[in-house]
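A closer look at the structure
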Amino acid sequence: MTDCIFCKIAEGEIPSKKIYEDEEMAAFHDVSPQAPVHFLVIPKKHIKNIMEVHDDHSSLLGRLLVKAAELSKELGCEEKGARFVVNCKEHGGQTVDHLHIHALAGRPLEWPPG
Ligand code: AMP
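Summarised in this report is the structure supplied together with it. Note that the structure is predicted; figures quoted are calculated from it, not measured. (Residues numbered from 1 in each chain as written. Predicted model: local features only at pLDDT ≥ 70, side-chain atom pairs only at ≥ 80, totals over all residues. Heavy atoms only, no water.)

Describing the sheet that holds strand E5 (residues 101–105)
The antiparallel open sheet is built from five strands, whose spatial order is E1-E2-E3-E5-E4. Each edge of the sheet is formed by a strand with only one pairing partner; in this case those strands are strand E1 (18–21) and strand E4 (82–85). Between one strand and the next, the sheet's axes are offset by a mean angle of 15°, whatever the strand orientation. Relative to E5, E4 runs antiparallel, the two being bridged by four bridges. Following the sheet pairing, Arg83 is matched in E5 by Leu104. Sheet strands touched by helix H2 (residues 58–74): E1, strand E2 (25–29), strand E3 (37–43), E4 and E5. Its angle to E3, the strand with the most contacts, is close to 155°. (Pairing = 2+ DSSP bridges. Helix = DSSP H or I, 4+ residues; strand = E, 2+ residues; numbered from the N terminus. Axes fitted to C-alpha atoms, helices over the stretch in contact; angles between N-to-C directions. Contact = heavy atoms within 4.5 Å.)

This is the structure we're talking about:
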């Protein structure tokens, strides 16, 4: 999608601090980190949000989650843990309309969220 910032990051058209990339996904540090570790994992294919997915996306979604967990461990979060979040639409707090998994770690995180 031409005006999507995460599509542009996936294509390398705008810079990001990438930590992983393959043919179907990219992971990069959040530009406005809310914890010492805060990165995003996105599919390169433009999917607006988690409510737009269907059965054909099951394997991709699984691989995105597996990669988020793997990268969090590589970044030193295995012992203390992390939070993996998918915001969706207005009430879910989604600000970028391209499906992404947040991984947050490196400090205790409150629950429930505000
Ligand atoms: P959400 O509010 O769940 O849609 O999350 C979008 C996230 O994308 C926010 O945490 C932003 O800080 C982050 N973000 C927006 N633009 C960029 C960018 N150019 N590079 C990295 N992260 C970004």
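Having seen it, we continue.
Description of the packing of aromatic side chains
Counted under the stated rule, the structure contains one aromatic pair. Directly above the aromatic system of Tyr20 lies the positively charged group of Lys67, at a separation of 3.9 Å from the ring centroid. (Phe/Tyr/Trp six-rings, centres within 6.5 Å; stacked < 30°, edge-to-face > 60°. Lys NZ or Arg CZ within 6 Å of the ring centre and 35° of its normal.)

Some words on the environment of Lys8
Residue position: Lys8 is located in helix H1 (residues 5–11). For Lys8, a relative accessible area of 27% gives the class partly exposed. Taking the C-alpha atoms as reference points, Lys8 and Lys44, 36 residues apart in sequence, are found 9.4 Å from one another. Beyond its immediate sequence surroundings of up to four residues, Lys8 is in contact with Thr2, Asp3, Glu13 and Ile14. (Buried < 20%, exposed > 50% of the residue type's maximum accessible area, 1.4 Å probe, protein only.)

Thoughts on the site of the ligand
Of all residues adjacent to the ligand, which total 16 residues, the nearest are Asp30, Asn87, Thr95, His100 and His102. Val31 has a polar backbone atom sitting 3.1 Å from a nitrogen atom of the ligand. In the environment of the ligand, an oxygen atom lies 2.8 Å from a nitrogen or oxygen atom belonging to the side chain of Asn87. Starting from 500 Å² of accessible surface for the ligand in isolation, the protein chains cover 83%. Breaking the shell around the ligand down by element, the ones donating at least two residues are H1 and E2. (Near = heavy atom within 4 Å. Polar contact = N/O pair within 3.5 Å; in protein donor to acceptor, adjacent residues only side chain to side chain. Areas by Shrake-Rupley, 256 points an atom, 1.4 Å probe, with all protein chains shown as cover.)

Some points on H2
At 3.6 residues per turn, the α-helix brings residues three or four places apart onto the same side. The terminal C-alpha atoms of H2, which comprises 17 residues, lie 24 Å apart, in line with the 24 Å expected from a rise of 1.5 Å per residue. Listing the buried residues of H2 in full gives Leu60, Leu64, Lys67, Ala68, Leu71 and Ser72. Angularly, the buried residues of H2 cover 130° about the axis, an arc narrow enough to put them on a single face. (Expected span 1.5 Å × (residues − 1). Arc of directions from axis to C-beta.)

Some details on the side chain of Asn49
Take Asn49: it is sitting in the loop between E3 and H2. For Asn49, the side chain forms a polar contact with the main-chain nitrogen of Met51, separated by 2.8 Å. In contact with Asn49, other than residues within four places in its own chain, are Cys88, Lys89, Gln94 and Leu99.

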